[in-house]
Amino acid sequence: MKYILVILGCFYICSCKNNKAQLELEGFINKPFSNFIINKEYSDFKSFNWIDEPPLKLKGILLEYAEKKFAEVTVKEFKYVKRYNENRDWSLEDFKKEKIHSILIYKETNNGRVILFQGDE
């Protein structure tokens, strides 16, 4: 009986941590991208690539972190960045001012993509 209570307690603690992380990430929706990347957990990205769908039309940014973890952040309405750019050389500084529409956090594994968080407005 003791073991069952310990196991249930562990599940509860893990659930609370996941809910806290999810609420924190949901708090970035409709906020400037700069708020997301100054957060301790998401500031240390190794590299980034622009997401342009259709080609040359900016949709968002893909951040790469250690251990094959990625964050895909999209914007719905652009106010500071000119969306269409033939050279694909959008300004990261201007993009930081744009409001986030959606966030997808995932990890690449040998068995495929594991989604850690997905949220939008």
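Note that the structure is a prediction, hence the values are computed from the model and not measured. Within every chain, residues take consecutive numbers counted from 1 along the sequence as written. The predicted origin of the model limits local features to residues at a pLDDT of at least 70 and limits the giving and counting of side-chain atom pairs to 80 or more, whereas totals for whole chains, interfaces and linings rest on all residues. Hydrogens are left out, water is left out, and the side-chain values use all remaining heavy atoms of the structure.

> What is the right way to look at the confidence of the model for the protein chain in this model?
If pLDDT is low for a region, its predicted coordinates should not be looked at in detail. Residues at a pLDDT of 70 or more form 82% of the protein chain, whose mean pLDDT is 86. pLDDT: the predictor's confidence for each residue, scored from 0 to 100. Residue contacts are counted whenever heavy atoms from the two residues lie within 4.5 Å of one another. The model gives residues 3-17 a pLDDT under 50, and that stretch makes zero contacts with residues more than four places away or in other chains.

> Looking at this structure, how should I read the sheet that holds strand β4 (residues 102-109)?
Strand pairs in the sheet, formed through backbone hydrogen bonds, run parallel or antiparallel to each other. The antiparallel open sheet is built from five strands, whose spatial order is β1-β2-β3-β4-β5. Since the sheet does not close on itself, it has two edges, and those belong to β1 (47-52) and β5 (112-120), each with one partner. This sheet shows a mean twist of 20 degrees between the axes of neighbouring strands, independent of strand direction. Summarising the sheet, β4 and β5 pair through eight bridges and their orientation is antiparallel. One bridge is not enough; two strands pair if DSSP finds at least two bridges between them. Under the scheme used here, helices are H or I runs from DSSP no shorter than 4 residues and strands are E runs no shorter than 2 residues, and both carry numbers assigned from the N terminus. Axis definition: a line fitted to C-alpha atoms, limited for helices to the stretch in contact. Angles are taken between N-to-C directions and run from 0 to 180 degrees.

> What's the story with the pattern of salt bridges in this structure? I'm lost.
Opposite charge on two side chains permits pairing when their charged atoms draw close. Note on definitions: salt bridges are taken to be side-chain nitrogens of Lys or Arg within 4 Å of carboxyl oxygens of Asp or Glu. Scanning all chains against the criterion turns up eight salt bridges. The closest approach of N and O atoms between R88 and D52, which form a salt bridge, is 2.8 Å. With R88 in the loop between β3 (69-74) and α3 (92-95) and D52 in strand β1, this pair connects stretches of sequence that are 36 residues apart. Any residue under 20% of the maximum accessible area for its type is buried, any over 50% is exposed, and the rest in between are partly exposed; the area is computed with a 1.4 Å probe on protein chains only. On the basis of relative accessible area, R88 is assigned to the partly exposed category, the value being 38%. You can call D52 buried: its relative accessible area is 14%. With its nearest N and O atoms 3.8 Å apart, the salt bridge here joins E67 to K107. Remark: K107 occurs in strand β4 and E67 occurs in the loop between β2 (58-64) and β3; sequence separation between them is 40 residues. Residue class for E67 comes out exposed when judged on its relative accessible area of 63%. Assessed through its relative accessible area of 29%, K107 is described here as partly exposed.

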